[in-house]
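Tertiary structure, described
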Amino acid sequence: MTGTSSSNPSGPTGAGAPLVTVDFWRVPRRRVGHAVARVATDRAALRHISGLRFAKLLGTGSANSLGMRGADPRQWAMLSVWETPSAARSFERSAPIRAWAALAEERWRIDLHPLSARGQWSRREPFGDPSTAHWPTAAEDARIAVITRARLTARHTLTFRRAVPAVVADLAQAEGLLFSAGIGEAPVGLTGTFSLWHDTASLRRFAYGRPAHAEVVRRTPEVGWYSEQMFARFAVLASRGTLGGRDPLLHLAPAPG
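Residues numbered from 1 in each chain as written. Predicted model: local features only at pLDDT ≥ 70, side-chain atom pairs only at ≥ 80, totals over all residues. Heavy atoms only, no water.

Looking now at the packing of aromatic side chains. Aromatic ring pairs are described here by two measures, namely the spacing of the ring centres and the angle between the planes. Under the definition given, this model contains 10 aromatic pairs. Judged by centre distance (5.7 Å) and plane angle (25°), the ring pair of F24 and W108 falls under stacked. Here F24, found in strand β1 (residues 19-26), pairs with W108, found in strand β4 (residues 106-119); they are 84 residues apart in sequence, far enough to count as distant. Looking at F24, the relative accessible area reads 0%, which means it is buried. Classification of W108 by relative accessible area gives buried; the value is 0%. Chaining the aromatic ring pairs together yields one cluster made of F24, W108, F179 and F194. (Phe/Tyr/Trp six-rings, centres within 6.5 Å; stacked < 30°, edge-to-face > 60°. Helix = DSSP H or I, 4+ residues; strand = E, 2+ residues; numbered from the N terminus. Buried < 20%, exposed > 50% of the residue type's maximum accessible area, 1.4 Å probe, protein only.)

What follows is about the environment of A104. By secondary structure assignment, the location of A104 is in the loop between α3 (95-103) and β4. As for A104 and R26, which are separated by 78 residues in sequence, their C-alpha atoms are 5.5 Å apart.

Bringing the environment of V27 into the picture now. Mapped onto the elements of the fold, V27 is located in the loop between β1 and α1 (32-45). Residues V27 and L103, spaced 76 residues apart in sequence, show a C-alpha to C-alpha distance of 6.2 Å. Not counting residues up to four positions away in its chain, the partners in contact with V27 are V32, A35, P73, R74, W76, W100, L103, A104 and E105. (Contact = heavy atoms within 4.5 Å.)

Here we take up the confidence of the model for the chain. This prediction gives the chain a mean pLDDT of 80; 72% of its residues lie at or above 70. No element of the chain has a lower mean pLDDT than helix α6 (residues 211-223), which averages 56, and none a higher one than β1, which averages 97. Predicted confidence for residues 1-15 stays below pLDDT 50, and this span has 40 contacts to residues more than four positions away or in other chains. (pLDDT = per-residue confidence, 0-100.)

This part is about the pairing of strand β3 (residues 71-82). The element β3 is largely enclosed, with a buried count of 10 among its 12 residues. As paired elements, β1 and β3 share eight bridges and run antiparallel to each other. Each bridged residue has a counterpart across the sheet, and for F24 the counterpart in β3 is A77. The pairing of strand β2 (residues 52-61) with β3 spans nine bridges and is classified as antiparallel. In the strand pairing of β3, A55 is matched with S80. (Pairing = 2+ DSSP bridges.)

What follows covers the pairing of strand β7 (residues 192-197). With respect to burial, β7 is a largely interior element, five of its six residues being buried. Sheet topology places strand β6 (residues 177-184) next to β7; six bridges connect them, and they run antiparallel. Looking at the pairing, I183 lines up with G192 of β7.

A few words now on α3. Among all positions of α3, only P96, I97, A99, W100 and L103 are buried. When α3 is viewed along its axis, its buried side chains cluster within an angular range of 160° and face the same direction. Exposed residues lying more than 90 degrees from the buried face of α3 are R98 and A102. The elements touched by buried residues of α3 are β1, α1, β3, α2 (85-91) and β4. (Arc of directions from axis to C-beta.)

With that settled, the discussion passes to the pattern of salt bridges. As enumerated under the stated definition, the model contains 11 salt bridges in all. Taking the shortest distance from any N to any O, the salt bridge between R240 and E92 comes out at 2.9 Å. Note that R240 is positioned in strand β8 (residues 226-241) and E92 in the loop between α2 and α3, a separation of 148 residues in sequence. On the basis of relative accessible area, R240 is assigned to the partly exposed category, the value being 36%. (Salt bridge = Lys/Arg side-chain N within 4 Å of Asp/Glu carboxyl O.)

In this structure, F24, L79, L112, F127, F194 and L196 are the most contacted members of the largest nonpolar core, which totals 30 residues. Counting only elements with at least two residues in this core, the list comes to β1, β2, β3, β4, β5 (144-152), β6, β7 and β8. Among all residues touching L112, those that are not within four sequence positions of it are P18, L19, V20, V22, A145, F194, F234, A235, V236 and L237. V27, V32, W82 and L103 belong to the second-largest nonpolar core, a separate cluster that totals 21 residues. (Core = buried A, V, L, I, M, F, W, Y, C linked by side-chain atoms within 4.5 Å.)

What follows is the structure, encoded as structure tokens:
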């Protein structure tokens, strides 16, 4: 792996919030087949990792596209929710991590703590129950990460796909967006996004200030696009490694405005 830098832009976090890590691996084209096999193997192995509360191995691609056209078979990700930071550290010595290290030419990891979450993922609330969780707060200028995930209902797939192009065009132009990727629980058919924002204000401007996105949010309960959905917001704690030759967190865009 390349890159060893780290940062801690958001400071201390509240007790009781789980540690969430997101790993991105980039593999050479000649090893794409090995990566696909690795995903299948690791799904079973992760069930036996001590201290791992929830994990998803994810295909990735452009957040500015949808479905097979946006998929990137050279880039893979893993979302992990840990009981303790020490469990996450121990995982660094595990067989899955060693295997990905042998496959990948780059790895980028970002550490997060939940700030808010609503909805479910695979019928679970992986980041805790919002009604009982004692989540930390983030400073207004803290870096913010967002994970969205949805399972589309079959009868509304076409209408959803018609609504998406305007939203992804908005995302590409959003002020304060530092990084974005499509994520999905299969190598193709991306069903969510991971995005990294300069601050809460940048995220708020995109969510409520861009007409296309605001319209999709408004129509969601009316149309019933999803059989399951989740929106979660996180404080960014640290990152290390590179993706595309850089750490997206350390190569910060100028503050909007």
